[in-house]
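Okay, here's what each chain looks like letter by letter:
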Amino acid sequence: MTNAPPWRVRLNPALEGLDVYDVPPATAPARMHANESPEPWSAAAMRDVAAAIESVELNRYPDTSGRALRAILGERHGVDPSRIVLGNGSDEIIFLLLTALLQPGHRPRVVIPTPTFVMYAHSARVLGFDVTGVPLRDDFELDGDAMRPALEDATICFLARPNNPTSSLWDAALIQSLIAEFPDTIFVIDEAYGAYAPGTSLYAPDGPSNQVHMATLSKVGLAALRIGYCVAHPTLALALNKCRHPYNISATTLAIAQTLLTSHARELEAHLERNLRRRDQLVEILRALDDVEVFPAHGNLALCRFTPPARATPLARSLAGRGVLVKDVSDIPGLEGCLRISLGLEGELRALREALADEPARDRS
Ligand SMILES: Cc1ncc(COP(=O)(O)O)c(C=O)c1O
């Protein structure tokens, strides 16, 4: 076991510097660490889900490309479903986009503002891309002056809007001008959290050909399903489909998503409305604390910075000890002293409020 197997030299050297993205299963009473929608589906919706699963022919392959779900999404977005590509989460879409842009003999380059969603850089490195990170400004807004030189000759740029983990909503006009100024760079506008910033989407069915709209069902109550998608120019959609494994979305997943997005669309909307109110409550809880800066929250998460910065990690540990899970992001450059806290149900928010209320006394002791 101690000797490295001889084939180890064949492994992709980029993997040496990468970690496995792994989150242990959590059963804590207050789970506010994973940017999910906190609300479970109603009993009526779950009964329809059970019926939908019952009708799945487990002995048959699913549709190769999820036609029925793409038709639902195509209608929602006002585009021909052939421009929609489904992924096993938008994580798979990220991988497909990068794969489709690989060119032998040419080292491709991805540009990402930092900090942002970790899988852009991770997948890019796996596939041999150079990664140019452009730090966000102190207010977590996009830095146009720094983005422009970085984008010269870049292959692809991922812009999460709203962004994770900062919850900031970057300037629309700046993004639109970057897309126009760099027509041979693909810009992926990742609106994973778009439902939490109503009316701000940059999606347009007839937008520039180098603009890709990426979205996911994970943040609107369907994280378990693993369905992400993009709307792309037909030429790019075709390229992605050539890279995509057939049958990448299971028949059970498709059946559940189709049922909930059609028969229970109103319930989904109601979850979102309640979640937006929960976000106000979360921000209010955090703002009530001393020595905490709460940044404007546009996603289903709030980012806050504690003073002194060394307070963040022990606080996250102490909250976890009381069954309240939050994400400690304080080791990410630019996020010193920061915790990222996702929405919770009323009981979870109460548990957070109570746990935080006990904290200062502990700190002083
Ligand atoms: C900005 C952003 N994009 C994409 C994803 C991935 O979503 P999915 O669950 O669809 O893979 C996440 C997940 O947290 C995210 O924060």
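Residues numbered from 1 in each chain as written. Predicted model: local features only at pLDDT ≥ 70, side-chain atom pairs only at ≥ 80, totals over all residues. Heavy atoms only, no water.

Which parts of the structure should I look at to understand the overall build of the protein?
A tally of regular secondary structure across the protein gives eleven helices and 13 strands. The C-alpha atoms of the protein give a radius of gyration of 21 Å, which matches the 21 Å a tight globule of 365 residues would have. The C-alpha extent of the protein, read off along each of the three principal axes, is 60 × 55 × 50 Å. Buried residues in the protein amount to 50% of all 365 residues. Sequence separation of at least 24 residues holds for 73% of the intrachain contacts in the protein that already meet a minimum separation of 6. Of the accessible surface of the protein, which amounts to about 17,800 Å², a share of 53% is contributed by carbon and sulfur atoms. (Helix = DSSP H or I, 4+ residues; strand = E, 2+ residues; numbered from the N terminus. Rg over C-alpha atoms; globule rule 2.2 N^0.38 Å. Buried < 20%, exposed > 50% of the residue type's maximum accessible area, 1.4 Å probe, protein only. Contact = heavy atoms within 4.5 Å. Areas by Shrake-Rupley, 256 points an atom, 1.4 Å probe, with all protein chains shown as cover.)

Is there a simple way to explain the site of the ligand in this structure?
Residues in close proximity to the ligand total 14 residues, the closest being Asp190, Tyr193, Thr216, Ser218 and Arg226. Between the ligand and Asp190, the relevant distance is 2.5 Å, taken from a nitrogen atom to a side-chain nitrogen or oxygen of the residue. Isolated, the ligand exposes 400 Å² of accessible area, and the fraction of that covered by the protein chains is 93%. Each residue belonging to the shell around the ligand can be placed in one class, and the counts come to five nonpolar, five polar and four charged. (Near = heavy atom within 4 Å. Polar contact = N/O pair within 3.5 Å; in protein donor to acceptor, adjacent residues only side chain to side chain. Nonpolar A, V, L, I, M, F, W, Y, C, P; charged D, E, K, R; others polar.)

Help me understand the sheet that holds strand E12 (residues 327-328) in this model?
The four strands are arranged E9-E10-E13-E12 in an open sheet whose pairing can be described as antiparallel. At either end of the open sheet lies a strand with only one pairing partner, and these are strand E9 (292-294) and E12. Lying over the sheet, helix H10 (residues 312-321) contacts strand E10 (301-306), E12 and strand E13 (338-342), oriented at roughly 35° with respect to E13. (Pairing = 2+ DSSP bridges. Axes fitted to C-alpha atoms, helices over the stretch in contact; angles between N-to-C directions.)

Please clarify how helix H5 (residues 144-151) should be interpreted in this entry.
Because an α-helix completes one turn every 3.6 residues, residues spaced three or four positions apart along the sequence face the same direction. Residues of H5 that are buried: Gly144, Met147, Ala150 and Leu151. The arc that holds every buried residue of H5, seen down its axis, measures 125°, which confines them to one face. Counted as exposed and oriented over 90 degrees from the buried face of H5: Asp145 and Pro149. Each element contacted by the buried residues of H5 is listed here: strand E3 (109-114), strand E4 (130-135), strand E5 (156-160), helix H6 (172-181) and strand E6 (186-190). At the N-terminal end of H5, a side-chain oxygen is found 3.2 Å from the backbone nitrogen of Asp145, two or three residues along, and the residue is Asp143. Once H5 finishes, Asp153 follows within two positions and takes phi at roughly 65°, a positive value. (Arc of directions from axis to C-beta.)

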